[in-house]
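# Descriptive structure summary
Residues per chain, in single letters:
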Amino acid sequence: MKKLGILLSGRGSNFEALADSVDAGRINAEIAIVISNKPNAQGLERARERGFEAECIPSRGFGREEYDRQVVQRLKEKCVDLVCLAGFMRLVSAYFVGEFPERILNIHPSLLPSFPGLDAQHQALEHGVKFSGCTVHFVDENLDAGPILIQAAVPILDNDTEESLSARILSQEHRIYTEAINLVVDDKIRIEGRRVVRTL
Ligand code: GRF
């Protein structure tokens, strides 16, 4: 059984959706460890309540690679095959990417390459696009930039607020992250340049 390592910084609803999928047998893998860079992340608490090994590796005061070395060490100790960033609010270093090549995923609340970075839902509303959505992509050392695995689009309604749009996107995030992880753990895709294509 493949092992997942989940990295988060906050609420942890994507982690919970993944944990639900694992529990229900919808993901062919197990969660080996949950790591937060923030000691008071709600997701960390939730993970502990659910009986997962969950720990904080505080990022404060560490350089990017210096921090990533600690995280990578823990992930390797737990024999993690696939790293899933789930609201992990840090850029990862080239070192981290090199230690888990094509084995780090992220979920972002926009249709990349539109609206990378913080407050993607706010950016979409401000820009006036009629559709936004979410993206699961492989992680490289650039921000929200690696090859795209799955996207889901949602409409933007005239009366949408940041909250209502975020909620519509979030329910799709919870759905496609499970799908994306399965594509990787079941070896159903390969990366050709920037394109992720099905192997079967
Ligand atoms: C999600 O919108 C995700 O796309 C983004 O950060 C948010 C995390 O939410 N990367 P949660 O902590 O999973 O609830």
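Scope of this entry: the structure provided in the associated data block. (Residues numbered from 1 in each chain as written. Predicted model: local features only at pLDDT ≥ 70, side-chain atom pairs only at ≥ 80, totals over all residues. Heavy atoms only, no water.)

To continue, consider empty space enclosed by the protein. Inspection of every chain in the model, using the stated rule, returns 1 cavity of 30 Å³ or more. Size it by volume and the largest cavity reaches roughly 30 Å³. Forming the walls of the largest cavity are Lys 2, Asp 81, Leu 82, Arg 103, Val 184 and Val 185. Looking at side-chain class alone, the lining of the largest cavity contains 3 nonpolar, no polar and 3 charged residues. (1 Å grid on protein atoms, 1.4 Å probe; cavity = no way out; pocket = protein on both sides within 12 Å on 5 of 7 lines; lining within 4 Å. Points joined across faces, edges and corners; volume = space filled by probe spheres on them. Nonpolar A, V, L, I, M, F, W, Y, C, P; charged D, E, K, R; others polar.)

Before going further, it helps to spend a moment on the layout of surface pockets. The calculated volume of the largest pocket comes to roughly 880 Å³. In terms of lining, the largest pocket is formed by 34 residues, of which the most central are Gly 87, Phe 88, Met 89, Ile 107 and Pro 109. Every element with two or more residues in the lining of the largest pocket is listed here: helix H1 (13-23), strand S5 (104-108), helix H5 (120-127) and helix H6 (162-185). Looking at the lining of the largest pocket, the element that brings in the most residues is H6, giving 5 residues. (Helix = DSSP H or I, 4+ residues; strand = E, 2+ residues; numbered from the N terminus.)

Before going further, it helps to spend a moment on the packing of H1 against H6. The N-to-C vectors of H1 and H6 enclose an angle of 50°; their axes lie 9 Å apart at closest approach. Of the possible angle classes, the one that applies to H1 and H6 is oblique. Regarding H1 and H6, the two cross each other, and that crossing is right-handed. For the pair H1 and H6, contact is made by Ser 13, Asn 14, Ala 17, Leu 18 and Ser 21 and by Leu 170, Glu 173, His 174, Tyr 177, Thr 178 and Ile 181, respectively. Taken together, the residues of the contact of H1 with H6 sort by class into 5 nonpolar, 5 polar and 1 charged. (Axes fitted to C-alpha atoms, helices over the stretch in contact; angles between N-to-C directions. Parallel < 35°, antiparallel > 145°, perpendicular 65-115°, else oblique. Left-handed = near helix turned anticlockwise from the far one by under 90°. Contact = heavy atoms within 4.5 Å.)

Turning next to a negative patch on the surface. Residues Asp 119, Glu 126, Glu 162 and Glu 163 make up a contiguous surface patch of negative charge. In this fold, Glu 162 is placed in helix H6. A relative accessible area of 30% means that Glu 162 is categorised as partly exposed. (Patch = residues over 30% accessible without salt bridge, like charges linked within 9 Å, V, L, I, M, F, W, Y side chains within 5 Å. Areas by Shrake-Rupley, 256 points an atom, 1.4 Å probe, with all protein chains shown as cover. Salt bridge = Lys/Arg side-chain N within 4 Å of Asp/Glu carboxyl O. Lys, Arg positive; Asp, Glu negative; His and termini not counted. Charge placed at Lys NZ, Arg CZ, Asp CG, Glu CD. Buried < 20%, exposed > 50% of the residue type's maximum accessible area, 1.4 Å probe, protein only.)

For the pair H5 and H6, the least separation of the axes is 9 Å and the interaxial angle reads 120°. Helix-helix and strand crossings are classified by hand; for H5 and H6 the assignment is right-handed. Seen from H5, the contacting residues are Gln 121, His 122 and Leu 125; seen from H6, they are Glu 162, Leu 165, Ser 166 and Ile 169. Its residues assigned to classes, the contact of H5 with H6 comprises 3 nonpolar, 3 polar and 1 charged.

So, on to the nonpolar core. If you look at the biggest cluster of nonpolar residues, it comprises 43 residues, and the most contacted ones within it are Leu 149 and Ile 181. Sorting elements by how many residues they give to this core places H6 first, with 9 residues. Ignoring sequence-local partners within four residues, the contact set of Leu 149 consists of Leu 105, Val 136, His 137, Phe 138, Ala 180, Leu 183, Val 184, Ile 189 and Val 196. Counting 20 residues, the second-largest nonpolar core is a separate cluster that includes Leu 7, Val 83, Leu 85 and Val 92. (Core = buried A, V, L, I, M, F, W, Y, C linked by side-chain atoms within 4.5 Å.)

By the burial criterion, the buried members of H5 are Ala 120, Gln 121 and Ala 124. Seen from one end, H5 has its buried residues packed into an arc of 100°, which puts them on one side. Buried residues along H5 sit against S5, strand S6 (131-138) and H6. Residue Gly 128 follows H5 closely and has a positive phi angle near 85°. (Arc of directions from axis to C-beta.)

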